[in-house]
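# Summary of the model geometry
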Amino acid sequence: MNSNEIIQNTIVFVKETLKNTEGGHDWFHIERVYKNSLFISKTEKVDLFIVTLAALLHDIADSKFHGGDEKIGPNIAEKFLSQQGIEKVKRKHIIDIIKNISFKGGNFTSTFHSHELAVVQDADRLDAIGAIGIARCFNYGGFKERSLYNPSIVPNLEMTKQEYKNSTAPSINHFYEKLLLLKDKMNTKTGQRIAADRHIIMEKFLIQFYKEWNGEA
């Protein structure tokens, strides 16, 4: 198979696999990350085939929906890529990206680095901030039956990876524990530029949220 056929097969596979997934982590999330990855790649020296497949497969089985098991996604992706005849070196690179793309809490440090990971990671993080990021945050919070906000539960910026994974804090806390931190964690200049604009949108939202919460607007 040529690269275009493999990409089309991957799109079909991902759409089918994620057809019943929570709205913030469904095919449309994958599609946005895919498009963001292609856009960022225009100013980066990367293997576009690896970027494309990693973006399409990065959330094929998000650990949040599989009891926290971080092996399921990479294993599913590995099996699929093997069936598509992807050579071992490229297959490993794609799997390494999938294993290391996630935020996993502010105190987690990845040991794997590549230009392709930098691009896909920025693309994924961009979808977590701005207007869509706000919508996804509350969509997931509703899915997990979390409260919108509770002034007595303060954000925890010192969580371990496991504490972050198991957190049941209100949705507003997630802004401080992840979303507002992403602007300064972007890898590429394009990602940094877009993130700066989306960060402002979140800051304005929070200002308005607290005004309405306190009956001031």
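Please refer to the structure placed before this passage.
The structure contained in this document is the topic of the report that follows.

The rules behind each value
Residues numbered from 1 in each chain as written. Predicted model: local features only at pLDDT ≥ 70, side-chain atom pairs only at ≥ 80, totals over all residues. Heavy atoms only, no water. Phe/Tyr/Trp six-rings, centres within 6.5 Å; stacked < 30°, edge-to-face > 60°. Helix = DSSP H or I, 4+ residues; strand = E, 2+ residues; numbered from the N terminus. Buried < 20%, exposed > 50% of the residue type's maximum accessible area, 1.4 Å probe, protein only. Salt bridge = Lys/Arg side-chain N within 4 Å of Asp/Glu carboxyl O. Lys, Arg positive; Asp, Glu negative; His and termini not counted. Polar contact = N/O pair within 3.5 Å; in protein donor to acceptor, adjacent residues only side chain to side chain. Contact = heavy atoms within 4.5 Å. Expected span 1.5 Å × (residues − 1). Arc of directions from axis to C-beta.

### Some remarks on the packing of aromatic side chains
Tallied over the entire structure, the rule returns eleven aromatic pairs. With centroids separated by 6.0 Å and ring planes inclined at 45 degrees, the aromatic side chains of F138 and F175 adopt a geometry described as tilted. Residue F138 is found in helix α7 (residues 130-143), and its partner F175 is found in helix α9 (residues 171-177); the two are separated by 37 residues along the sequence. Judged by its relative accessible area of 0%, F175 is buried. Site record: aromatic cluster; members linked through ring pairs are F138, Y149, F175, F205, F209, Y210 and W213.

### Focus on the pattern of salt bridges
Pairing between side chains becomes possible if they bear opposite charge and their charged atoms approach one another. Under the definition given, this model contains seven salt bridges. Among the salt bridges present, the one from E78 reaches R91, with a minimum N-O distance of 2.7 Å. Residue E78 is located in helix α4 (residues 72-83), and its partner R91 is located in helix α5 (residues 88-100); the two are separated by 13 residues in the primary sequence. Under the relative-accessibility criterion, E78 is labelled partly exposed at 29%.

### A closer look at the side chain of D59
Position of D59 among the secondary structure elements: in the loop between α3 (48-57) and α4. The charged side chain of D59 is buried without a salt bridge, its nearest counter-charge being R136 at 5.1 Å. One polar contact links D59 to H58, side chain to side chain, over a distance of 3.5 Å. Residues in contact with D59, not counting those within four places in the same chain, are L18, H25, H29 and I30.

### Re α4
Since the α-helix turns once every 3.6 residues, residues separated by three or four places project in the same direction. Spanning twelve residues, α4 covers 17 Å between terminal C-alpha atoms, matching the ideal 16 Å at 1.5 Å per step. All of the buried residues along α4 are G73, P74, A77, F80 and L81. Seen along its axis, α4 keeps its buried residues to an arc of 130 degrees; they face one direction. Facing away from the buried side of α4, by more than 90 degrees, are the exposed residues N75, K79 and Q83.

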